[in-house]
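Structure at a glance
One letter stands for each residue in the lines below.
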Amino acid sequence: MWTLAGQGWWRGRALAAWVTEAARKGLLWPHLAPARGTAAESRPPDRRYSSANRKEKIDMSCFPVENTRNFSIIAHVDHGKSTLADRLLELTGAIDKTENNKQVLDKLQVERERGITVKAQTASLFYNYEGKQYLLNLIDTPGHVDFSYEVSRSLSACQGVLLVVDANEGIQAQTVANFFLAFEAQLSIIPVINKIDLKNADPERVEKQIEKVFDIPGDECIKISAKLGTNVESVLDAVIKRIPSPKAHCRNPLRALVFDSTFDQYRGVIANVALFDGMVSKGDKIVSAHTQKTYEVNEVGVLNPNEQPTHKLYAGQVGYLIAGMKDVTEAQIGDTLYLHKQPVEPLPGFKSAKPMVFAEIIVSPGVFPIDQSEYNNLKSAIEKLTLNDSSVMVHRDSSLALGAGWRLGFLGLLHMEVFNQRLEQEYNASVILTTPTVPYKAVLSSAKLIKEYREKEITIINPAQFPDKSKVTEYLEPVVLGTIITPDEYTGKIMMLCQARRAVQKNMMYIDQNRVMLKYLFPLNEIVVDFYDSLKSLSSGYASFDYEDAGYQTAELVKMDILLNGNTVEELVTVVHKDKAYSVGKTICERLKDSLPRQLFEIAIQAALGSKIIARETVKAYRKNVLAKCYGGDITRKMKLLKRQAEGKKKLRKVGNVEVPKDAFIKVLKTQSDK
């Protein structure tokens, strides 16, 4: 018998190699060998990373600036942006025509499950028009109000947009918001009326809405059915005719804008760039204007829609770039890249990419790992996810009840839910999300306090840091200008809902015979949790809602403490409007009553504004039946036993401490899905 030790080690290796080869051919164990023609053998290699595909590099010099068009698709949620993108990809040959082409650019699992676009995605299309080859760079954007930052960022790399409107639904709230984003960026706007194949479609009515609300002539609208592919070619023709080519120059030094980025654990940061000047190729040394670090370019290419390496990228083109950035903090959204020793002026508005500009309308829940040993893993996951979604603000936080964690800033409630879902699906992280709050401001009254805080107006994110009324002149709360578009039969109910949320009506306009556009000034804390759900319920799902930041206004805010047997629970301190204090306090007390375990003594749960108790719930004590041994006999004997038990409970209540378990905090603090 040969062994792998001693002088016969090489014979052992030869035997091992023979056994491996024989097993592969099925000579030893035929039932384990892969059958010919099976899925294992016939499965095609991944086109994105196959060696054959990498050798076929596209020559991007064939597409001069005048033959390049950069455009986005913008619309309200569920108006058919992604379906139109699929048809454009098929028409230009980027993907094969199959029945499985549904939301090709929506690559995230959360996008597939919810049927919405969360991340803006880029695709380079090659299209022949009147004998000339054109490069069309398409960016498919989200439609929900919470992802408007993705839209505005995408528009910075474009010269025009396709404004898609549903022929059945007509103009919605986010349609209006996206139009003004494009209008303010001075982009060419091509209105596209989609879903003309629907039974109840009325494209003529939608044409009149577009003409009235946006002042765009009706004859400029293109009527299509993205699902059936009807008249979609005219969209590509309009893109070439109506959208100008980018103002870029290849002879100038490189100036590239990073408008998106993702993280690959093997290749590092993959940056999506729009070249405003110059050219970039593999081997070039580039510098980040934000960090001043120098990198060597490992790969450049275009997304078609998968990664397709190229020799170079030229001015006016949009593509991706890999330069060995291994740390997620090195790739800042909005950064400017330029060649080493050829510095340029950073692009306007992007000198430092800070999501702080959205801090005015953020929603701030706390994020805490369920198991504190998972803290570092969750930290890494949040860093990588915020690289891909830079509108999220991150502050480190800690809680006596929940341990170390973060306070994150989001653009809305759906944004928060999607971020949490992506943490779980993409990074396998289990987290606790607390109820969202909004940032308040306080104007300090004394010079001593102003000197201590180094500013007259302080921002309060954590309710526990809310200053006392005696220290401030006034409190300020964030407000937003909300736009509601609804069928007119629901107007009365929606107005009552808005008044109940302390909203002030600013405008009311009929956009056609049946639809009304309402504008209200809302306190942000009144709409962040359940306003959207209430609006949809009242209007049978027909109303749409959008909002934009409108600064701060004076408000009567109070700090509400939660007491357990007279002791304040710091983790449950909240800031509420004076008019809403009772309902909020009552709700928290009821949740605590259902969550706290019973003790041998009575627990009083109270909501207090200063020294005034506004709500109370009581957790009854466990009680031994002291009368069990008494059968018959005098009533005074029973009364004596009950009195002694009551005195013992009273004494125990004075010395006993109520410790709130962690799971009780989670039940009280986490977002309530049923509310």
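That block above? That's the structure.
Notes on the structure follow. These numbers come from a predicted model, not from an experiment.

**Considering the environment of Phe63**
The topology assignment puts Phe63 in the loop between helix H3 (51-55) and strand S1 (68-75). A relative accessible area of 7% means that Phe63 is categorised as buried. In this structure, the C-alpha to C-alpha distance between Phe63 and Phe126, residues 63 residues apart in sequence, is 9.5 Å.

**Some words on the sheet that holds strand S3 (residues 132-140)**
One open sheet holds the 6 strands; their spatial order is S2-S3-S1-S4-S5-S6, and the pairing between them is mixed. Every other strand in the sheet has two partners, leaving strand S2 (121-129) and strand S6 (222-223) as the edge strands with one partner each. Examined bridge by bridge, strand S4 (residues 160-166) and strand S5 (residues 188-194) share 7 bridges and lie parallel to one another. Across the sheet, the residue bridging to Leu163 is Pro191, located in S5. Here helix H8 (residues 203-214) sits on the sheet and contacts S4, S5 and S6; the angle it forms with S5, its principal contact strand, is near 155°. Across the sheet, helix H9 (residues 233-242) lies against S1, S2, S3, S4, S5 and S6, angled at about 90° from S2, the strand it touches most.

**Regarding unusual backbone geometry**
Its identity as a non-glycine residue notwithstanding, Lys341 has a phi of 70°, on the positive side. Judged by relative accessible area, which is 72%, Lys341 ranks as exposed.

**Considerations on the packing of helix H13 (residues 491-500) against helix H14 (residues 531-538)**
Between H13 and H14, the least distance of the axes is 10 Å, while the angle of their chain directions is 160°. The orientation of H13 with respect to H14, classified from their angle, is roughly antiparallel. Both H13 and H14 take part in a crossing whose hand is right-handed. Residues Lys493, Ile494, Leu497 and Cys498 of H13 form the contact with H14, whose own contacting residues are Phe531, Ser534, Leu535 and Leu538.

Cut-offs applied
Residues numbered from 1 in each chain as written. Predicted model: local features only at pLDDT ≥ 70, side-chain atom pairs only at ≥ 80, totals over all residues. Heavy atoms only, no water. Helix = DSSP H or I, 4+ residues; strand = E, 2+ residues; numbered from the N terminus. Buried < 20%, exposed > 50% of the residue type's maximum accessible area, 1.4 Å probe, protein only. Pairing = 2+ DSSP bridges. Contact = heavy atoms within 4.5 Å. Axes fitted to C-alpha atoms, helices over the stretch in contact; angles between N-to-C directions. Parallel < 35°, antiparallel > 145°, perpendicular 65-115°, else oblique. Left-handed = near helix turned anticlockwise from the far one by under 90°.

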